[in-house]
Amino acid sequence: MEWPVATERGTADELARTLREAIQRLNRRVRQTRAVGDLTFSQLSALTSLQLAGALTPRELADVERVQPPTMTKIVGKLEDRGLVVRTPHPTDGRQVILAPTEQGRAMYAQFEKARNEWLAEQLATLGDEDREVLVRAAEIMQQVARA
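Residues numbered from 1 in each chain as written. Predicted model: local features only at pLDDT ≥ 70, side-chain atom pairs only at ≥ 80, totals over all residues. Heavy atoms only, no water.

**So, the overall build of the protein**
Keep this limit in mind: Think of it this way: any DSSP run of H or I at least four residues long counts as a helix, any run of E at least two long counts as a strand, and we number them from the N terminus. Each radius of gyration is computed over the set of C-alpha atoms, and the globule rule expresses the reference value as 2.2 Å times the number of residues to the power 0.38. Contacts are assigned to residue pairs that have any heavy atoms within 4.5 Å of one another. Only the protein chains shown count as covering a residue, and every accessible area follows the Shrake-Rupley method with a 1.4 Å probe. We treat Lys and Arg as the positive residues and Asp and Glu as the negative residues; His and chain ends play no part in the count. Working definition for charges: the position is that of NZ of Lys, CZ of Arg, CG of Asp or CD of Glu.
Counting secondary structure elements, the protein contains 6 helices and 2 strands. The order of α-helices and β-strands along the protein, N terminus first, is α-α-α-α-β-β-α-α. Expected size for 148 residues packed as a compact globule is a radius of gyration near 15 Å; at 19 Å, the protein overshoots this value by more than 25%. For the protein, the C-alpha atoms occupy an extent of roughly 60 × 35 × 20 Å along the three principal directions. Sequence-distant contacts, at least 24 apart, represent 52% of the contacts inside the protein between residues at least 6 apart. Accessible area for the protein stands at about 10,600 Å²; split by element, carbon and sulfur atoms hold 54% of it. Of the charged side chains in the protein, 21 are positive and 21 negative, and the gap between their average positions amounts to 7 Å.

**What to know about the nonpolar core**
Where we set the bar: As used in this record, nonpolar core signifies buried Ala, Val, Leu, Ile, Met, Phe, Trp, Tyr and Cys residues forming a set joined through side-chain atoms within 4.5 Å. Accessibility here uses a 1.4 Å probe with only protein chains present; expressed as a share of the type maximum, an area under 20% marks a residue as buried, one over 50% as exposed, and anything in between as partly exposed.
With 18 residues, the main nonpolar core has Leu39, Leu61, Met72, Leu79 and Val85 as its most contacted residues. Elements that contribute at least two residues to this core include exactly helix H2 (41–53), helix H3 (58–65), helix H4 (69–81) and helix H5 (103–125).

**Quick word on H4**
The line we're drawing: Helix span, as expected, comes to 1.5 Å for every residue beyond the first.
With 13 residues, H4 extends 18 Å between its outermost C-alpha atoms, agreeing within 8% with the 18 Å of an ideal straight helix rising 1.5 Å per residue. Along H4, the residues classified as buried are Met72, Ile75, Val76, Gly77 and Leu79. Taken together, the buried residues of H4 touch H2, H3, strand S1 (85–89) and strand S2 (97–101). Among the residues trailing H4, glycine 83 stands out with phi positive, at a value near 75 degrees.

**Focus on the pattern of salt bridges**
Here is the rule: Any carboxyl oxygen of Asp or Glu that lies within 4 Å of a side-chain nitrogen of Lys or Arg is treated as forming a salt bridge with it.
A full pass over the atoms with the stated rule returns 10 salt bridges. With a closest N to O distance of 2.9 Å, glutamate 21 and arginine 17 form a salt bridge. Of the two residues, glutamate 21 and arginine 17 both sit in helix H1 (residues 9–31), 4 residues apart, roughly one turn of that helix. Residue arginine 17 is classed as partly exposed on the basis of its relative accessible area, which comes to 33%. Arginine 106 serves as the salt-bridge partner of glutamate 103, at 3.0 Å between the closest nitrogen and oxygen. Taken as a pair, glutamate 103 and arginine 106 lie in helix H5 at a separation of 3 residues, close to a single helical turn. Classification of glutamate 103 by relative accessible area gives exposed; the value is 56%. Through salt bridges with shared partners, a single network forms among Glu14, Arg17 and Glu21.

**With respect to the pairing of S2**
This is how it is decided: We treat two strands as partners when DSSP finds at least two bridges between them.
Among the 5 residues of S2, 4 are classified as buried, and the element is accordingly described as predominantly covered. The sheet contact formed by S1 and S2 spans 5 bridges and is antiparallel. When the sheet's bridge partners are listed, arginine 87 is paired in S2 with leucine 99.

Below is the structure:
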C-alpha cells in the first residue's frame, strides 16, 4: 500500500490518530493481563519504573510516573508494605532516600512481564508470516520514533 505524499496534512494526521489509537488499545489490553497478585496499575507501573531504572529517589519516581509526590508516597507505602520495594539512605544527601525493588519485587515484576509476553505471543501466533514480518518492521520504526 502506498501512502499519498507526506505533504498532504490529512495523511500524516490520520496515520498519527490511527496508530495512537491502536497503540492505546493494545497497551490497555496488555495491561489487563495479570499473572498473579492484586497490584493496582499505578503500583505495577511504579515497580516497573524502579525495575528498569534500578533505583530512584521518591521525587525521581514521581516525575517518571508523572504523579505528584504525595500520590507517589502512598503508592510506595503500599509497595513497601508488601515487601516489594525497599528504602535505603541516599549516599550523598542525608535528607533523601533511594527506592529500589526487593528480590520479591523483581520476582513479581518478572511474573507480570511473563504473563503479558505470553498473552501477546499467543495473539501474534495467530497471524500469518507476512503480518508478523510487517509487525517486526513496525516495531523497529516505532522504537525509532520513540527515540526521536
